Structure formats: C-alpha cells, structure tokens
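Coordinates in review
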Amino acid sequence: MKIDTNTYRAASGQKVKLKHWATAVDPLYSDKGDYEQRLGAQVERLSELQNLLYAHNRYSLLLVFQAMDAAGKDGVIKHVMSGVNPQGCQVFSFKHPSAQELDHDFLWRTTQCLPERGRIGIFNRSYYEEVLIVRVHPEILKAQSLPKETTRAPAIWSDRYASINNLEQHLHRNGTRVLKFFLHLSKEEQRQRFLARLQDPAKNWKFTADDMAERELWPKYMQAYGEMLGATSSKEAPWHVVPADDKRNARLIVSQVIVDTLTALKMSYPEPTLDAVELAAIRKRLKA
C-alpha cells in the first residue's frame with residue numbers, strides 16, 4: 001500500500017508546533033520481511049528514476065536532511081540511496097565553517113555544492129544550520145563578522161528565512177527540485193540511542209561530550225526548528241516532518257517522497273541520434 005506522504009508535509013505559511021507532530025506512528029509495514037520488500041522496491045524504482053534524471057538532463061534533485069543528534073540521518077541516506085549510481089549522486093556533510101567560509105555570506109559554502117542537472121545532491125545538515133544552531137548558540141553569529149545593523153534579533157532570522165526562500169525558489173525555477181526532511185525524534189528515543197552507542201564499543205566514537213550539552217538545549221532547538229519549518233516550507237521546496245522513532249518507518253516515508261517527486265517530473269530518454277534503418281543495419285553488422 002502506498003504511503004500518503006502529504007500527512008507529513010508541513011503546509012506553506014502555517015506555524016509549526018512540533019509538540020503536535022508525532023515522532024512515532026503505527027508501522028507502515030507488517031514485519032521485517034515486508035519492510036525489506038517495500039524498501040527494496042522503492043530503492044529499485046529510485047535507481048530507474050535516477051538513470052532517467054541523468055539521461056533527461058533538465059532537472060536536478062537536492063535532498064536536505066536536518067535533525068537532532070541520533071535521529072538517523074546517516075541511516076536514511078545509506079538505505080534509501082543504496083541503489084543509486086554513485087556517479088549521479090553526491091553527499092555533503094557540513095560541519096563547523098572554515099575561516100574562508102566565515103568571510104562569505106551564510107549561503108556561500110553550500111551553494112558551491114549544489115547538484116548539476118541530471119544529478120542528485122544530498123545535504124546532511126545544510127544552510128539551515130544558520131537558523132538553528134546559530135540561533136541556539138549566538139556566539140557563533142559573532143564569529144561571522146557581520147555588520148551590527150544586520151544581526152539584531154528577531155529581524156536577522158526573518159531576513160535569513162527570506163534569503164533561503166528566495167534561493168530555493170530560484171533553484172526551482174532553474175530545474176532543481178528541493179526536498180527537505182526533518183527527522184522528528186523524541187527526546188526519550190534519543191536517550192535510548194545514546195545509551196546504545198555508549199554500550200557498544202564499536203559505536204563509542206559516535207558520542208561526544210557536546211552531544212550531552214546539545215541535549216540540554218532541547219527546548220530551544222524545538223522552538224528554532226518549529227519556527228524554521230513554518231517559515232521555509234513552500235510549494236516549491238516543502239518540508240516533511242518525518243516521525244523518526246522507528247527507523248524503518250522513516251526510511252519508507254523518505255523513499256516514497258523522493259520517488260513520488262521524480263515520477264511527477266515530465267522526463268523522457270533522449271531520442272537516438274540514429275534512425276530505425278541505421279540502427280537495424282548496425283545490429284545486422286554486429287550479429288554477422
């Protein structure tokens with residue numbers, strides 16, 4: 001049964017209060033085998049669509065993933081994109097900005113990584129960090145050396161939302177389809193996943209002291225995420241609030257959104273450069 005992804009889409013121009021959005025829903029699969037079959041079918045279909053996207057060469061796709069720590073961004077990317085040709089897909093993870101990046105506007109570093117026509121680009125975190133972690137940690141804003149008149153709250157956040165919306169509308173007009181996913185994890189599920197990391201020596205490296213410090217700021221992050229989602233979800237570049245307590249559900253939802261979006265594009269394979277007679281003659285020669 002096809003997933004109704006509209007259930008998870010944040011409406012354009014409406015406020016988002018994340019406490020009203022579920023972090024867990026009933027399983028979208030009957031058992032592990034059913035999940036694997038469903039995801040496998042989506043991965044196969046996505047592979048076909050990616051080949052068509054590359055051949056058509058008129059559109060590109062940008063996937064943006066944002067979430068709190070341990071929400072499963074890496075796992076979603078790994079499982080959903082497992083069948084895509086690596087030559088047609090690039091993944092970028094944006095960490096602390098470099099000195100060079102700080103000397104440019106906040107959209108500069110991610111703009112360098114936008115996908116070419118025919119390709120899929122994935123941002124594991126993105127320019128949205130500039131209205132999330134920067135908002136929760138105002139000391140980061142000070143390091144950006146901006147003119148004082150542009151850094152007054154709350155105007156700076158509404159200005160940045162406007163810049164982001166303008167960028168995404170510009171991308172849409174030029175053939176880049178932007179899909180944004182917020183993996184909505186509960187604080188309790190994060191606690192359980194943190195504990196699992198600490199109990200598994202092979203995963204200890206994933207945990208840092210900063211993870212606990214950020215967890216203490218959960219209410220501030222939820223407020224920042226909610227305002228960001230409401231201000232930047234648009235028809236051209238929608239946000240999907242994906243319940244992330246069940247990793248399998250999250251992967252099925254994300255894969256369905258991507259497949260639906262690519263399927264809706266009017267794409268076709270280019271016409272062959274040789275006509276039917278010429279192709280038949282070449283086939284005959286090759287079989288001789």
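Overview of the structure.

Parameters and conventions
- Residues numbered from 1 in each chain as written.
- Predicted model: local features only at pLDDT ≥ 70, side-chain atom pairs only at ≥ 80, totals over all residues.
- Heavy atoms only, no water.
- Buried < 20%, exposed > 50% of the residue type's maximum accessible area, 1.4 Å probe, protein only.
- Helix = DSSP H or I, 4+ residues; strand = E, 2+ residues; numbered from the N terminus.
- Pairing = 2+ DSSP bridges.
- Expected span 1.5 Å × (residues − 1).
- Polar contact = N/O pair within 3.5 Å; in protein donor to acceptor, adjacent residues only side chain to side chain.
- Disulfide = S-S within 2.5 Å.
- Core = buried A, V, L, I, M, F, W, Y, C linked by side-chain atoms within 4.5 Å.
- Contact = heavy atoms within 4.5 Å.

On to the pairing of strand 5 (residues 239-243), then. Burial analysis of strand 5 places five of its five residues in the buried class, the great majority of the element. Going residue by residue along strand 5, you find Trp 239, Val 241 and Pro 243 tucked away on one face and His 240 and Val 242 tucked away on the opposite face as well. Relative to strand 5, strand 4 (residues 176-184) runs parallel, the two being bridged by five bridges. Across the sheet, the residue bridging to Lys 180 is Trp 239, located in strand 5.

Turning our attention to helix 12 (residues 276-287). Between its first and last C-alpha atoms helix 12 spans 17 Å; for 12 residues at 1.5 Å apiece the expected length is 16 Å, and the two agree. One side-chain oxygen of the residue at the start of helix 12 lies 3.1 Å from the amide nitrogen of Val 277, identifying that residue as Asp 275.

This model, assessed by the stated rule, comprises zero disulfides. Its sulfur unpaired, Cys 89 is 13 Å from the next cysteine sulfur, which belongs to Cys 113. The class for Cys 89 is buried, based on a relative accessible area of 15%. Accessibility expressed as a relative area gives 15% for Cys 113, which makes it buried.

Membership of the largest hydrophobic core comes to 40 residues, with the highest contact counts inside it found for Leu 63, Met 81, Phe 181 and Ile 258. Of all the elements in the fold, those that place two or more residues in this core are helix 1 (32-56), strand 1 (60-67), helix 2 (73-80), strand 3 (120-124), strand 4 and helix 11 (247-264). Top contributing element to this core by residue count: helix 11, with eight residues. When residues no more than four places from it in sequence are discounted, the contact partners of Phe 181 are Leu 63, Val 64, Phe 65, Gln 66, Trp 239, His 240, Val 242, Val 254, Val 257 and Ile 258. Judged by nonpolar contacts, the second largest core, of 38 residues, contains Val 16, Leu 217, Tyr 221 and Leu 229.

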